[in-house]
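Fold and geometry: a report
Each chain, letter by letter, is given below.
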Amino acid sequence: MYTVIGTPMSRSFRVLWTLEELGQPYELNPAPPQSPEILQVSALGKVPALIEGDEVITDSTAIITYLADKHGGLTAKAGTLARAHQDAMTQRFLDELDAVLWTAARHSFALPKDQRVPEVKPSLKWEFNRNLDRIEGQIKGPYVMGEEFTIADIVLTHCLNWAFGAKFPVENEALLAYGKTMRARPGHQRVAALMK
């Protein structure tokens, strides 16, 4: 049994969805960042954290990669070219989508008020959509890596969901359709229900 610490409204969603797709049982402690619960296991106070026995793993991508490798699903085999390509796409989503969204969030609420620059947001929205258009051409379809749903799909879909919540308009019709299909997956819907 795994324990996940982190509100589903955060990157913890990725971990919960991965566990759902893998059919692994877990307990959820929906603690927010910087809460006493997360600070007990992570000095940075960031969510998510995955607890397995006495071990704690932080960082959503590290966690979902570990889970996929351990349970033999949602990923190409480590040490293969297919895995290298999958990891490259996952890292691209983190660099070109997640980082842009997080920069906007920092300038909305995370940074001290005197350090926020709200005027950066239109530029970030432009960059986000430019990056989506470039990414669309790399998706092999129907999933990021072709015929198999992988953790790359979890990261990309989470970024699309985050964009919606952050009022970043997604202008790419193909990726809007892709996101709708991914959100229809039962595992995604079970995690989304936790946020209600």
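Residues numbered from 1 in each chain as written. Predicted model: local features only at pLDDT ≥ 70, side-chain atom pairs only at ≥ 80, totals over all residues. Heavy atoms only, no water.

**A few points about the packing of helix H1 (residues 12-22) against helix H3 (residues 60-71)**
Relative orientation of the contacting elements H1 and H3 amounts to 10 degrees, with a least axis distance of 9 Å. Taken as axis vectors, H1 and H3 run roughly parallel relative to one another. Side by side, H1 and H3 meet where Arg14, Val15, Thr18, Leu19 and Leu22 of the first sit next to Ser60, Thr61, Ile63, Ile64, Leu67, Ala68 and His71 of the second. For the contact of H1 with H3, the per-class residue count stands at 7 nonpolar, 4 polar and 1 charged. (Axes fitted to C-alpha atoms, helices over the stretch in contact; angles between N-to-C directions. Helix = DSSP H or I, 4+ residues; strand = E, 2+ residues; numbered from the N terminus. Parallel < 35°, antiparallel > 145°, perpendicular 65-115°, else oblique. Contact = heavy atoms within 4.5 Å. Nonpolar A, V, L, I, M, F, W, Y, C, P; charged D, E, K, R; others polar.)

**Observations regarding the packing of helix H4 (residues 81-110) against helix H5 (residues 121-136)**
To describe two helices that pack against each other, one gives the angle between their axes and the distance between the axes. The geometry of H4 relative to H5 is characterised by a closest axis approach of 10 Å and an angle of 165 degrees between their N-to-C directions. Comparing their axes, H5 and H4 come out roughly antiparallel. Here H4 runs over H5; the crossing is left-handed. For the pair H4 and H5, contact is made by Arg92, Phe93, Glu96, Leu97, Val100, Leu101, Thr103, Ala104, His107 and Ser108 and by Lys121, Leu124, Glu127, Phe128, Asn131, Leu132, Arg134 and Ile135, respectively. Within the contact of H4 with H5, the residues separate by chemical class into 9 nonpolar, 4 polar and 5 charged. (Left-handed = near helix turned anticlockwise from the far one by under 90°.)

**Focus: the pairing of strand E1 (residues 2-5)**
The two faces of E1 match: Tyr2 and Val4 on one face and Thr3 and Ile5 on the other face are all buried. Taken together, E1, H1 and strand E2 (residues 26-29) constitute a β-α-β crossover, and its handedness is right-handed. Bridge count for E1 against strand E3 (residues 49-52) is 3 bridges, and the pairing is antiparallel. Bridge pairing in E3 links Thr3 to Ile51. (Buried < 20%, exposed > 50% of the residue type's maximum accessible area, 1.4 Å probe, protein only. Right-handed = clockwise from strand over helix to strand, strands pointing away. Pairing = 2+ DSSP bridges.)

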